[in-house]
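Reading the structure
Here are the chains, one letter per residue:
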Amino acid sequence: VTLRAGAELNAHRVKEYPLILWAACPGEDEVQEHFFVRVTRGRVLHCDNPFASAGGDVVRVLADVAPRTPLYAVLPQPLGGLMVSGGCCGFRLRNRETPLTLTQRGLVLAPADGFNPSKDIQTFRLEIEVMDRHGHNCSGVVRVEVLPSHHPRVTFLEPHWAVTVPKSISRLEVVTQVHASGNNVRYAILAPVVPVLFTIDEVTGEIRSTRQQQVAHAQLLVRAYNALHPADHDTAMVNITVQGTDQQAPSCVPAIFVSQQPETVSPGSTLVTLRCTDFSGTERHLHYALEGPPASRSSFHMEGPQLKVNTTLDYDSEAVAAVGFQLTATIVVTAGGQPPQSTRVPVFLTVTPVNEFTPVCPSGATFTVLETAAFGSIVGRVTGTDRDYPQNSLEYSLEGGPGPTQPFSIDTQTGEIRVVGPLDSQRHGSYRLSVRLTDTQNDVDPAKRRSCLCDVTVRLQAVPDQAPVCIPEVQELWIVAGPGSRQSVTSLVCQGSPNNTALTYAIAGGNKDGRFRMEGNTIFYLPNDLSEPCTYVLLVKVWSSPGAPRRSTVVALVIHVTPWSTPEPPSTTTQHTTLQKEPLVITRTVAVWHPPAWFVAVLTLSSALLLVTLGCM
């Protein structure tokens, strides 16, 4: 048993429906039974007409109704067209393309900006759905017809106003008053926004001065509008002339320009844009010119109120350095009039350095030094160049530093290379040094430095190894062993080649019992308990320092020592006698191995194969 489509049940009219059911089967008796359908009252949401009708409810309002004014209430109120039963409801607007607003309490409000004051009738259709908290719902339509307003529009009586005021007008003094016809009229100044020279009373339309006037003319664009309908408005132009201001010079912002710019700033860059106004408060009749030293005028140029860079501000040039890296100029702003009035804006621009260039190594840095050069001897000077100002401001350093394999040092300021270790042309025919050149004080940021590596070659010049010459080579001496710790015997006179070469002395033989000691070129006798006269033959070896002896000279000394108690020889002084005997020949054998050529070839080939094998591994 189902309910017929389109049927409506109403418990107020029919509470029970009696039905008779008949059933029959083939070969059996017919059966009739009574079936009763009772209709009970339930919680039903019902929307009454005209809200629920197809055409919907109609509301007519004027176009000048205030914004957000309630126009219709979808609630059980005496003026409403909807009867709702059964608890609290929610309201939802199905069509969103409308300026009207539906609140959660079922109120239809006028637009926030009001209706457009059109001369035609405007119609807005709202489809509203009502739902209770049990899920029952109904829907309806509200049509809002907006009728043209018959109120007068806002209009200025005079579209142009001309007012003349004295220069001595005080602050907040009334200049003039504008008036417009219409309802709920309010006033506002649209232009100029900056500077704020005048203010207007929103209600009365009185225009007042905000300060003592420095301009000759001012134009104000004033708007009058309906406070309830801002779209209803009109505008007027107010021309204000201030007497006694046409003899003033232009006013500029900034009044002085001080700046720092890097030397790499590109030509055509704008440094500053002046905002200048003449006695009329405008910039239309101003002329800009540049004055100053020739160097500054050539660096800048004016394009209207803009100061621009004309050429590259080269910090490294002599012209910029001559003016202390500060360019000065004056911008002359002239306003028309009789006589013309001018304002000068000083310009101070400091050029800051930028490290643009890398130091350059000298060409052909090769020096030659004798292998016998003493400690601290100057080998040569590395002179690098740098184009950044201050030019050639460099620091020098030696990669790896001084050491046994690099017996040289370099002065960080001058670049002088000096000898700080022994030199041996047989071990090293030349030295290849890596000198780093680093520029300093070439940028505002000290961390921005540039450097380069220079190859410097130091060649050692071999000095012929000549044996020192001692005069005499054989001496015979007599001494008396006196009391004391030691006793000077003699000092050898020897000379190396080249001159002033340091010599090394050593006792090579004959120092029996260690009775003699060599200190420098002087021989000392160490006394002991000598009871009888004794004769010593000392051999002193002399060679050039430093390094191991290659060629040397041997001096023979025959020393007769007489004890203190033994009668002394007739002479009380030490006698130096050159013995007229046969020359004393000292033979020294040096073992030298000269391998055959085939052995050298085999050894070289084996070493090459070993290196190749290691490289492949």
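The name given to the chain in an unreviewed UniProt entry is CDHR4 protein, with Indicator maculatus as the source organism. Looking at the Subcellular location (unreviewed entry) heading of the UniProt record, one finds this comment for the chain: "Membrane".

Turning our attention to the overall build of the chain. Helices and strands together make up the secondary structure of the chain, namely three helices and 43 strands. Expressed as a percentage of its 617 residues, the buried residues of the chain come to 34%. Residue pairs at least 24 apart in sequence account for 66% of intrachain contacts in the chain once pairs closer than 6 positions are excluded.

Take the side chain of Glu476 next. Here Glu476 is to be found in strand E36 (residues 474-480). The class of Glu476 is buried, set by a relative accessible area of 12%. A polar contact is formed between the side chain of Glu476 and the side chain of His560, at a distance of 2.6 Å.

Before going further, it helps to spend a moment on the UniProt feature "transmembrane region" (unreviewed entry) in the chain. The positions that UniProt labels "transmembrane region" (unreviewed entry) are, in the present scheme, residues 597-616. Taken as a whole, residues 597-616 contains 100% helix and 0% strand, while its terminal C-alpha atoms sit 29 Å from one another.

Pairing is antiparallel across the open sheet formed by three strands, whose spatial order is E29-E32-E31. Two strands close off the open sheet at either side, each with one partner strand: strand E29 (378-381) and strand E31 (408-410). Going across the sheet, the axis of each strand differs from the next one's by a mean of 20°, ignoring polarity. Note that E29 and strand E32 (residues 416-419) share three bridges and pair antiparallel. Residue Gly380 lies in a different strand from E32, and its bridge partner there is Ile417.

Scanning all chains against the criterion turns up nine aromatic pairs. Each ring, one from Phe115 and one from Phe124, has its centre 5.8 Å from the other, and the planes form 35°; the classification is tilted. Phe124 carries the same exposure label as Phe115, and that label is buried. An angle of 75° between the planes, with centres 5.2 Å apart, marks the rings of Phe408 and Tyr431 as edge-to-face.

You can see Val144 is positioned in strand E9 (residues 137-147). Between the C-alpha atoms of Val144 and Val58, which are 86 residues apart in sequence, the distance is 6.0 Å. Those residues in contact with Val144, other than ones at most four positions away along the chain, are Val59, Val61, Leu71, Leu100, Gln122, Thr123, Phe124 and Leu126.

This next bit is on a nonpolar patch on the surface. On the surface, a cluster of nonpolar side chains totalling about 700 Å² of accessible area is made up of Val1, Leu3, Leu9, Tyr17, Leu19, Leu21, Phe35 and Val37. Residue assignment for the nonpolar patch shows that the elements contributing at least two residues are strand E1 (16-23) and strand E2 (31-38). With three residues, the top contributor of residues to the nonpolar patch is E1. Mapped onto the fold, Val1 is located in the segment before E1. Using a relative accessible area of 78% as the deciding quantity, one classes Val1 as exposed.

This brings us to the pattern of salt bridges. When charged atoms on two side chains of opposite charge get close, those side chains can pair. Per the counting criterion, the structure on display carries 18 salt bridges. Between Arg125 and Glu127 there is a salt bridge, with its nearest N and O atoms 3.6 Å apart. For Arg125, a relative accessible area of 38% puts it in the partly exposed group. Notably, a salt bridge pairs Asp424 with Arg427, separated by 3.8 Å at the nearest N-O pair. Take Arg427: its relative accessible area is 69%, and that puts it in the exposed class.

Remember that side chains alternate between the two faces of the sheet whenever the strand is regular. Here strand E3 (residues 57-62) shows a buried face lined by Asp57, Val59 and Val61 and an unburied face lined by Val58, Arg60 and Leu62. Pairing of E3 with E9, which is carried by six bridges, proceeds in the parallel orientation. Directly across from Val58, in E9, lies its bridge partner Arg143.

Right, let's get into the nonpolar core. With 27 residues, the main nonpolar core has Tyr288, Phe300, Leu307, Ile331 and Val333 as its most contacted residues. When residues of this core are assigned to their parent elements, the largest contribution, five residues, is made by strand E26 (residues 326-335). Judged by nonpolar contacts, the second largest core, of 26 residues, contains Leu93, Val108, Phe115 and Val142.

Owing to its 3.6 residues per turn, the α-helix brings residues three or four apart onto one side. The end-to-end C-alpha distance of helix H3 (residues 597-616), which contains 20 residues, comes to 29 Å, matching closely the 28 Å that a straight helix rising 1.5 Å per residue would cover. Within H3, only zero of the 20 residues are buried, leaving the element largely exposed.

Once that is clear, we can look at the state of the cysteines. Inspection of the entire model under this criterion finds three disulfides. Put simply, Cys252 and Cys276 are joined by a disulfide, and their sulfur atoms are 2.2 Å apart. Here Cys252 and Cys276 share a disulfide; its torsion about the S-S bond, 115°, makes the bridge right-handed. Here the residue Cys252 occupies a position in strand E19 (residues 251-253), and Cys276 occupies one in strand E22 (residues 275-277), the gap between them amounting to 24 residues. In terms of burial, Cys252 and Cys276 fall into one category: buried. Two residues share a disulfide in this structure: Cys361 and Cys454, whose sulfurs sit 1.9 Å from each other.

Criteria and cut-off values
- Residues numbered from 1 in each chain as written.
- Predicted model: local features only at pLDDT ≥ 70, side-chain atom pairs only at ≥ 80, totals over all residues.
- Heavy atoms only, no water.
- UniProt positions renumbered as here; feature names shortened; annotations may be inferred.
- Helix = DSSP H or I, 4+ residues; strand = E, 2+ residues; numbered from the N terminus.
- Buried < 20%, exposed > 50% of the residue type's maximum accessible area, 1.4 Å probe, protein only.
- Contact = heavy atoms within 4.5 Å.
- Polar contact = N/O pair within 3.5 Å; in protein donor to acceptor, adjacent residues only side chain to side chain.
- Pairing = 2+ DSSP bridges.
- Axes fitted to C-alpha atoms, helices over the stretch in contact; angles between N-to-C directions.
- Phe/Tyr/Trp six-rings, centres within 6.5 Å; stacked < 30°, edge-to-face > 60°.
- Patch = residues over 30% accessible without salt bridge, like charges linked within 9 Å, V, L, I, M, F, W, Y side chains within 5 Å.
- Areas by Shrake-Rupley, 256 points an atom, 1.4 Å probe, with all protein chains shown as cover.
- Salt bridge = Lys/Arg side-chain N within 4 Å of Asp/Glu carboxyl O.
- Core = buried A, V, L, I, M, F, W, Y, C linked by side-chain atoms within 4.5 Å.
- Expected span 1.5 Å × (residues − 1).
- Disulfide = S-S within 2.5 Å.

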